[in-house]
Amino acid sequence: MLRKLFISLAVIIASVSAANAQKTELTLSYGAYTQMDATDMHDGWKHVNSAWGALNAGVNFKVAPKIWVGPSYTFSSTTTKGGPDHSNIAYHAVMLNGRYHYYSNSIVSLYAKLGLGVEFSYMQPRNDDSYTKSYCAFQIVPVGAEVGINRNVSMFGELGFGAQGLLQVGVKIKL
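Residues numbered from 1 in each chain as written. Predicted model: local features only at pLDDT ≥ 70, side-chain atom pairs only at ≥ 80, totals over all residues. Heavy atoms only, no water.

*Asks:* Can you explain the environment of serine 134? Please cite residues and give values.
*Replies:* Positionally, serine 134 belongs in strand β6 (residues 131-148). Residue serine 134 is classed as partly exposed on the basis of its relative accessible area, which comes to 48%. Counting along the chain gives 15 residues from serine 134 to glutamate 119, while the straight-line C-alpha distance between them is 5.5 Å. Discounting chain neighbours no more than four positions away, the residues touching serine 134 are Val118, Glu119 and Phe120. (Helix = DSSP H or I, 4+ residues; strand = E, 2+ residues; numbered from the N terminus. Buried < 20%, exposed > 50% of the residue type's maximum accessible area, 1.4 Å probe, protein only. Contact = heavy atoms within 4.5 Å.)

*Asks:* Account for the sheet that holds strand β7 (residues 153-162), with residues named and values stated.
*Replies:* In sheet architecture, strand pairing relies on hydrogen bonds along the backbone and comes in two forms, parallel and antiparallel. Spatial strand order, β1-β2-β3-β4-β5-β6-β7-β8: eight strands in a closed barrel with antiparallel pairing. Put simply, the sheet's adjacent strands are angled 25 degrees from each other on average, direction ignored. When strand β4 (residues 88-104) meets strand β5 (residues 108-124), the two strands line up antiparallel, connected through 16 bridges. Among the inter-strand pairings, serine 104 is bridged to a residue of β5, identified as serine 109. (Pairing = 2+ DSSP bridges. Axes fitted to C-alpha atoms, helices over the stretch in contact; angles between N-to-C directions.)

*Asks:* Any chance you could break down the nonpolar core for me, citing the residues and the numbers?
*Replies:* Met36, Met41, Trp45, Ile89, Tyr91, Ala93, Met95, Met123, Ala137 and Ala163 form the largest nonpolar core, which has ten residues in total. Looking at which element gives the most residues to this core, the answer is β4, with four residues. In contact with tyrosine 91, not counting residues within four places along its chain, are Met36, Met41, His42, Val48, Thr74, Phe75, Ser76, Ser77, Thr78, Glu119, Phe120 and Ser121. (Core = buried A, V, L, I, M, F, W, Y, C linked by side-chain atoms within 4.5 Å.)

The values are spatial; any link to function lies outside them.
What follows is the structure in structure tokens.
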């Protein structure tokens with residue numbers, strides 16, 4: 001009974017949010033030092049190198065004057081240190097993000113962001129079958145800044161922690 005109520009409530013909120021969505025934006029970014037590097041999201045494998053960062057893509061919908069909500073996808077990968085057991089790991093994270101703009105002027109908009117989802121670590125050992133492990137993915141951004149280049153394109157930078165990176169820079173395209 002409680003499960004049905006929760007699902008019904010989620011569908012109603014999603015429907016109202018979609019109906020109220022005034023604007024849509026596409027985000028593309030690069031993030032350095034991810035949650036996957038900082039925590040053991042590689043099934044306890046030894047001698048794992050640091051990942052090169054993360055590529056992020058998302059779609060956000062404006063649901064209120066200062067609030068944007070939308071899904072994102074993050075990709076990163078790494079290897080283990082050389083030798084006969086040299087192996088690869090691919091990280092795939094899917095999250096739902098919420099963003100609140102707390103300050104704006106004609107040049108810059110400052111915001112906070114929170115994301116929550118799942119991360120899949122695709123383990124590819126050289127001498128064994130590949131397999132996937134899943135982990136909780138999150139992104140916490142207390143300080144994000146967006147600067148408009150023109151009416152449809154802006155650049156942004158975020159300082160936070162999670163699957164998308166400790167320091168993230170990218171571009172937003174308003175559709």
